[in-house]
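# Architecture at a glance
Chain residues, written in single-letter form:
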Amino acid sequence: MNALALLLVMELGDRFALMGVVLGVLLTAVAYTVYAERRIAAFIQNRTGPDRVGFDLIPQLKFLKGAIGLGQPLADVIKLLMKEDVVPENANKFVHALAPLISLFAALTTIAVVPYAKGVAIADVNIGILYILAITSLGVYGITLSGWASNSKYSLLGGLRSSAQMISYELSMGLAVVSVVVLTNALNMGEIVESQTSNPLNWNVCRNLLGFIIFTTAAFAETNRAPFDLPEAEQELVGGYHTEYSSMKFALFFLAEYANMIVACTVIVTLFLGGYQVPFWTDAPWFVQVGAFITKTLFMMFVFIWVRWTLPRFKYNQLMDLGWKFMLPLGLFNLLIVASTIVIFGNSLPLSILNLVLVALCVAGSFAAKPQSKMA
Amino acid sequence: MPEINLSTAFFIGLGSLTIVASLGTILSRSPVTSALFLVLNFFALGGIYLLLEAQFIAVVQVIVYAGAIMVLFLFVIMLLNLEDEQRLTERYDVKKGFAILFAGLLLVEVLYVVGLKTPAIAPRLGTVAAEIGTAKYIGQQLLTEFLFPFEIISVLLLGAIVGAVVLAKKNFGPERATAKTTL
């Protein structure tokens, strides 16, 4: 218990060290997420995926050669760096270079408030969850500005789509977050995790299933992942907002996209899957907690990849209908359910079961009432 | 002479950033650049709120203004693709003259009030200010002491939303259905 109390008061130097570690892990994870995505996509589509590139140059790692292609991310990065950096003739050069930086900034700074173990976070601020909403709402500038600055029709359309999409889904995301805040009675990320305890029935995914679904769907949209990848719809917009980007700037967008995905997963895990809580082990040592956190995050990342390669992309009108006419009312309804059950029954364990049943009934009812709905 | 500590240094940095960004907003030719400067301005203002221990207001400033309203502005600017902003700035007429006159008057008023009529600021009690800035305190105050103004604002916003929907739904009446629907 004493060690945990010590961890709660981290010094500034420790926080900087932690930041270095987290950024290092995050950036490496991005490279291997791309690899994982390609492998899983290949698996889902009955292909093999990248399986050739090994670490031939390093004798100690020679045994990896031809095994599972683990050297692929490295080769991809080198290829991107070696390419020529083309900036369109009539582009706004400054904004063109600024846009990928904004995207990456938004992606990498969000993770600062996420707790990795009890009391271990880069910035343990009181308004953690609001900070996440604020920073993710800035991420849209990177995409919108890249679309505008490129001075290209396809890029502009991609940028416009992205800003409209992000504004639409931010509302549902915010409502899901509010329902979590009502449940846990805290804005601080650490307290949100603490209130979920080590009993999985107390995790917000059980107490607030609808909120979890809404938040995850909105996170798909906010990270521009399929089925919400309209800003970069290849078949219509060439490459969307990054059509006119090449070399390192394109790599930065790529990096930001996958970093965004990982960070979104960590936020989902923190808010809904109990964060670093180990099931049925209240005072687990910190490395077990970090392990639990990483395991849950990896699971959510798998879900993200799985969904991308399962669902086809929405049309623009479907996207707007889903956001405004379905998810927003559903979010309000969910908030109503959560708030009223807390007022009536208090924040206890039976509540989670009751809430689950209630939500399941409501969802079933809403789908039964509209059998001709083409929403999903 | 006031001592230069970390928060003073931050205040000077953020304050000058605010001023530069405001000037950039009104002086730049391209509407997109203006909007970007305004975003920078909101950011710097958020930083100043943070220095004043108003965490909640700082974050809400970024979420609402930088994150939502300016994205909408940028969206509209890009959608309309205002290219002839140069022509717009060259016109001078009576309306503009009056605008300058009243702006000048307002400036004089503000300077008069700020410079001569504002009492000296009472020394700030750090702990109290920090407590006031939290989301919990603001929420409690809004739903107890300031409940009535809060509800009035909610109704006002609801009215604005209804008005926006009515405006957006141009062809709501049968006789309006044939009226011109393009902007």
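These lines cover the structure that appears in this document, whether it is placed above or below. Computed from a predicted structure; not experimentally measured.

A separate point is the packing of aromatic side chains. Overall, the coordinates contain 11 aromatic pairs over all chains when judged by the stated rule. Ring plane angle 20° and centroid distance 6.3 Å describe the contact between Phe 98 of chain B and Phe 102 of chain B, whose orientation is recorded as stacked. Taken together, the residues Phe 98 of chain B and Phe 102 of chain B, both in helix 5 (residues 94-117) and 4 residues apart, mark about one turn of the helix. Taking the relative accessible area as the measure of exposure, Phe 98 of chain B reaches 46% and is therefore partly exposed. What links up through ring pairs into an aromatic cluster is the set Phe 212, Phe 215 and Phe 272 of chain A.

The grouping of Val 64, Tyr 65, Ile 69, Leu 72 and Phe 73 of chain B at the surface amounts to a nonpolar patch, some 420 Å² of accessible area in total. In this fold, Ile 69 of chain B is placed in helix 3 (residues 55-80).

The next thing to look at is the pattern of salt bridges. Residues and elements named next belong to chain A. Counting across every chain of the model gives 5 salt bridges over all chains. A salt bridge links Arg 38 to Asp 76; its shortest N-O distance comes to 3.1 Å. Of this pair, Arg 38 sits in helix 2 (residues 12-44) while Asp 76 sits in helix 3 (residues 72-82), and the two are 38 residues apart along the sequence. Looking at Asp 76, the relative accessible area reads 22%, which means it is partly exposed. Ionic pairing is found between Lys 325 and Asp 321, a salt bridge with its closest N-O pair at 3.4 Å. Of the two residues, Lys 325 and Asp 321 are both situated in helix 13 (residues 316-345); the distance of 4 residues between them amounts to about one turn of the helix. What makes Lys 325 exposed here is its relative accessible area of 58%. The partly exposed category is assigned to Asp 321, whose relative accessible area is 27%. The network of salt bridges with shared partners includes Glu 37, Arg 225 and Arg 308.

Conventions we followed
Per-chain numbering applies: the sequence of each chain, read as written, is numbered from 1 onward. Chain letters and ligand numbers both follow the written order, the letters beginning at A and the numbers at 1. Two thresholds apply to this predicted model, a pLDDT of at least 70 for residue-level local features and 80 or more for giving and counting side-chain atom pairs, whereas whole-chain, interface and lining totals are computed over all residues. The basis for the side-chain values is all heavy atoms of the structure; hydrogens and waters are excluded. Between the rings of Phe, Tyr and Trp (Trp by its six-membered ring), a pair exists once the centres lie within 6.5 Å; its type follows the angle of the planes, with under 30 degrees stacked, over 60 edge-to-face, and the other angles tilted. Labels follow the DSSP assignment, with helices taken as runs of H or I lasting at least four residues and strands as runs of E lasting at least two, numbered in each case from the N terminus. Exposure categories follow from relative accessible area, calculated using a 1.4 Å probe and restricted to protein chains: below 20% of the type maximum is buried, above 50% is exposed, and the middle band is partly exposed. Candidates for patches are residues over 30% relative accessible area with no salt bridge; among them, like charges are joined within 9 Å and nonpolar side chains (Val, Leu, Ile, Met, Phe, Trp, Tyr) within 5 Å. The accessible surface values rely on the Shrake-Rupley method and a 1.4 Å probe; as for residues, cover is taken only from the protein chains in view. For this document, the term salt bridge refers to a Lys or Arg side-chain nitrogen within 4 Å of an Asp or Glu carboxyl oxygen.

That's the geometry; what it means functionally is another story.
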